[in-house]
Amino acid sequence: MAVIVALGAFLMTLAGGWTAQRVTDRRHLVLGLAGGLMLGVVGLDLLPEALHAAGREVFGVPLALLLFVAGFLVAHVVERLLAVRQAAHGAEDGVRVPQVGLTAAAAMVGHSLADGVALGAAFQVGGGMGVAVALAVITHDFADGFNTYTLTRLYGNARRKALMMLFADAAAPVVGAASTLLFTLPEEPLGAYLGFFGGVLLYLAAAEILPEAHHEHPALSTLMCTVGGVAGIWLVIGLAE
């Protein structure tokens, strides 16, 4: 059952990527919406789940929050190092580094894989729990597909690479759900990963996507797309509870 439900997540992820492709003439709106979706996923979905799963503290601070900050810093350091490397090879200052987009998309794939594992584990607990998690996974995988394609293209990668990452992100929940037929992932490592991944996403949303969305089009419509993205994730989470 978990694998069958994961196929729905596969289709929803592809739908999100398809939508991101079709609205390229409104790029600032796409980026504004993507930033809002990412902020919503981080603050309303990933962090609460990470704090619940990885609840122990390290020197008075929850492990999930430490890894959240670590993820933010790692994303910043990696981007700066890659930018310096590009500059040393003659690239202009401010040029986006394609590897950053691919790394971010790969992190999205890892997140979707964890979604599939969580889906399979939920169905092992019981049908009711499985249905609740399935609703959350399938609905927010639209945002995952949207963000995976947008992030890859934002950093200058070719459309072919963006589509490859999109298909990898779509297949990841199916693989994750199928893997639970063989093993069960402990709760604390999953929570630690979600905290770290949340920090990476927050950096990309706040330092890259949203500034780019408002760079040439500081319009109210862009801002409303961002707010709408956050509100949409809140609605999805509320319906899934």
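Placed above this text is the structure.
Because the structure is predicted, anything quoted here is derived from the model rather than measured. (Residues numbered from 1 in each chain as written. Predicted model: local features only at pLDDT ≥ 70, side-chain atom pairs only at ≥ 80, totals over all residues. Heavy atoms only, no water.)

(A) Molecular detail of the overall build of the protein chain. Summing up its helical and strand segments, the protein chain has 8 helices and 2 strands in all. Summing over all exposed atoms, the protein chain offers an accessible surface of approximately 11600 Å²; the carbon and sulfur share of this is 70%. (Helix = DSSP H or I, 4+ residues; strand = E, 2+ residues; numbered from the N terminus. Areas by Shrake-Rupley, 256 points an atom, 1.4 Å probe, with all protein chains shown as cover.)

(B) Quick peek at the environment of alanine 168. Mapped onto the elements, alanine 168 comes out in helix H6 (residues 159-179). Using a relative accessible area of 32% as the deciding quantity, one classes alanine 168 as partly exposed. The spatial distance from the C-alpha of alanine 168 to the C-alpha of alanine 105 is 9.4 Å, given a sequence separation of 63 residues. (Buried < 20%, exposed > 50% of the residue type's maximum accessible area, 1.4 Å probe, protein only.)

(C) Spotlight on H6. Over its 21 residues, H6 extends 30 Å from the first C-alpha to the last, a length consistent with the 30 Å expected when each residue adds 1.5 Å. Of all the bends in H6, the largest measures some 30° and sits at alanine 171, one to four residues before the proline proline 173. All of the buried residues in H6 are Ala162, Met165, Leu166, Asp169, Ala170, Ala172, Pro173, Val174, Gly176, Ala177 and Ser179. (Expected span 1.5 Å × (residues − 1). Bend = angle between axes of the 7 residues up to and from the residue.)

(D) Structural detail: the nonpolar core. Judged by nonpolar contacts, the single largest core of 41 residues is most densely connected at Met38, Leu46, Leu151, Leu201, Leu204 and Ile209. Every element with two or more residues in this core is listed here: helix H2 (27-53), helix H3 (63-88), helix H4 (98-125), helix H5 (127-154) and helix H7 (187-215). Those residues in contact with leucine 204 that lie beyond four places of it in its chain are Met38, Val100, Ala104, Leu151, Tyr155 and Ile209. Counting residues in each nonpolar core, the second largest holds 7 residues, with Ala2, Ala6, Leu119 and Val174 among its members. (Core = buried A, V, L, I, M, F, W, Y, C linked by side-chain atoms within 4.5 Å. Contact = heavy atoms within 4.5 Å.)

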